[in-house]
Amino acid sequence: MKMNGSHLHDAGHICVLKDASRCESLTEIANLTSADQFDAALAIHLYKGGRHLQGSRIPFGIIFGGTDINEDIRSEEKRRVMGAVLREARFAVAFTTEMKELAAAEWPDARKKIYVQYQGIRTTPTETFDWYRFLQNADIPADTDDLRVFLLICGLRRVKDPLYLVDVFSDWHRKEPSVHLGIIGPAVDPLLTTEIKEKIKRAPGVHLLQEMPQDDLHAAMRRCFAVVNSSISEGMSAAILEAMDLNIPVLARNIPGNAAIIKHKDTGLLFSDPQEFVALSKSLMNDPIMEREIVTRAKDYVKKHHSWECERKAYQNLVLRLR
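An unreviewed UniProt entry annotates the chain as Glycosyl transferase family 1 domain-containing protein of Gallus gallus.

Structure (structure tokens):
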């Protein structure tokens, strides 16, 4: 979702990005959009972003985030607000057909205004990235024979469940010291971040890594053994798609958002519990032919279904509906 701004900017629109989570009150966005210089708005997340546009004087569109349709819909109050926002929106974008169907089942009148657009992916790894300094900063011994680094890339918040694999991974590391798990992402939930830091102190082989620029992160992904996703709920994980684009295997928790983009043992591996994660990781490590076949098919899948150019055209066309 980092890309919509650049798509619109490249079409000649002037875009102002505002983080809804940092708004002091619901009137902050209303005051901003009531100024004459704004013609339209686009909100990401039907509840978190959309509620700021309810009753807006300017036309707006919505991009579903994932947790809005998968989680927030269970709250009666949030569901009421989201329904009202969706009624006012000119259009809404779902990342998958499944997400559209969930929303349409709840709000049937909105079906015709919900469009399915898979996320477009473009990776830009830094060519001068220093992998050995990265390992050093993470306290991962670079001289380990057959070093295997797994990267869990996520915002540190409960729905991403970053602690899900920590115990089982640490137990595995004690038996096989060459395997390491790095957790990297913004500290969205300060309380959870503190919990993670405390837990990792007692979990050898698991490391909380410093956030880094996206280009460097792509370069780090390219050098790791596999990218991991342990979320309880996902809309569509950009990190999974980026790993596929970089020819890196993905091990992801078997939830609808992940299963929508990963076909098990075809374009990646889906696990249902921590023990299965370890078993699948070992099978991947011991079968380089399977690994090569998975990354080849995953790369083909991303090129076919997650084209950056297709996403660009779709959003540029949708924004014309906000005139």
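There's plenty left to go through after this.
Take the UniProt feature "domain: Glycosyl transferase family" (unreviewed entry) in the chain next. As annotated in UniProt, the feature "domain: Glycosyl transferase family" (unreviewed entry) corresponds to residues 146-299 in the numbering used here. Helix makes up 45% of residues 146-299 and strand 18%, and the two end C-alpha atoms of the span are 25 Å apart.

Attention now moves to helix α4 (residues 76-88). Here α4 is 13 residues long and its end C-alpha atoms lie 19 Å apart, about the 18 Å a rise of 1.5 Å per residue gives. Inspection of α4 places V81, M82, G83, A84, V85 and L86 among the buried residues, and these make up the whole buried set. Contact partners of the buried residues in α4: β2 (60-63), α3 (67-70) and β3 (91-94).

With that settled, consider the nonpolar core. Within the largest apolar cluster, 70 residues are counted, with the highest numbers of intra-cluster contacts made by L46, I62, F64, W107 and M244. Of all the elements, helix α10 (residues 238-245) adds the most residues to this core, at six residues. Contacts of L46, omitting those with residues within four sequence positions, involve R51, I62, I63, F64, D68, I69, M82, V85, L86 and W107. Residues L165, V166, I196 and A203 belong to the second largest nonpolar core, which totals 31 residues.

On to the domain arrangement of the chain. It is common to give the size of an interface as the accessible area that goes away when the parts come together. As far as domains go, the chain holds domain 1 (5-120 + 307-321) and domain 2 (131-305). Placing a centre on the C-alpha atoms of domain 1 and another on those of domain 2 gives a separation of 30 Å. If you look at the interface, domain 1 gives 13 residues, while domain 2 gives 13 residues. Interface area, domain 1 with domain 2, both sides summed: about 950 Å², of which 54% is carbon and sulfur. Viewed at the interface, domain 2 and domain 1 are joined by zero salt bridges. Inspection of the region where domain 1 meets domain 2 yields four residue pairs in polar contact (both at pLDDT 80 or more). Going through the elements one at a time, α3 and α5 (97-106) are the ones with two or more residues in the side of domain 1 that touches domain 2. Considering only residue class, the side of domain 1 that touches domain 2 consists of three nonpolar, seven polar and three charged.

When strand β6 (residues 179-184) meets strand β7 (residues 206-209), the two strands line up parallel, connected through four bridges. Within β7, the residue paired with L181 across the bridge is V206. A crossover connection joins β6 to the parallel β7 through helix α8 (residues 190-201); in handedness this β-α-β unit is right-handed.

If you walk across this open sheet you meet the six strands as β7-β6-β5-β8-β9-β10, and the pairing is parallel. Lying at the two open borders of the sheet, with one neighbouring strand each, are β7 and β10 (269-271). Geometrically, the sheet is characterised by an average inter-axis angle of 25 degrees between neighbouring strands, direction not taken into account. Here three bridges tie strand β8 (residues 226-229) to strand β9 (residues 250-253), and the two strands are oriented parallel to one another. Bridge pairing in β9 links N229 to A252. Packed on one face of the sheet, helix α12 (residues 274-286) meets β5 (148-153), β6, β8, β9 and β10 and runs near 155 degrees to β10.

Parameters at a glance
- Residues numbered from 1 in each chain as written.
- Predicted model: local features only at pLDDT ≥ 70, side-chain atom pairs only at ≥ 80, totals over all residues.
- Heavy atoms only, no water.
- UniProt positions renumbered as here; feature names shortened; annotations may be inferred.
- Helix = DSSP H or I, 4+ residues; strand = E, 2+ residues; numbered from the N terminus.
- Expected span 1.5 Å × (residues − 1).
- Buried < 20%, exposed > 50% of the residue type's maximum accessible area, 1.4 Å probe, protein only.
- Contact = heavy atoms within 4.5 Å.
- Core = buried A, V, L, I, M, F, W, Y, C linked by side-chain atoms within 4.5 Å.
- Domains from an automatic or database assignment.
- Buried area = accessible area lost by both parts, 1.4 Å probe.
- Salt bridge = Lys/Arg side-chain N within 4 Å of Asp/Glu carboxyl O.
- Polar contact = N/O pair within 3.5 Å; in protein donor to acceptor, adjacent residues only side chain to side chain.
- Nonpolar A, V, L, I, M, F, W, Y, C, P; charged D, E, K, R; others polar.
- Pairing = 2+ DSSP bridges.
- Right-handed = clockwise from strand over helix to strand, strands pointing away.
- Axes fitted to C-alpha atoms, helices over the stretch in contact; angles between N-to-C directions.

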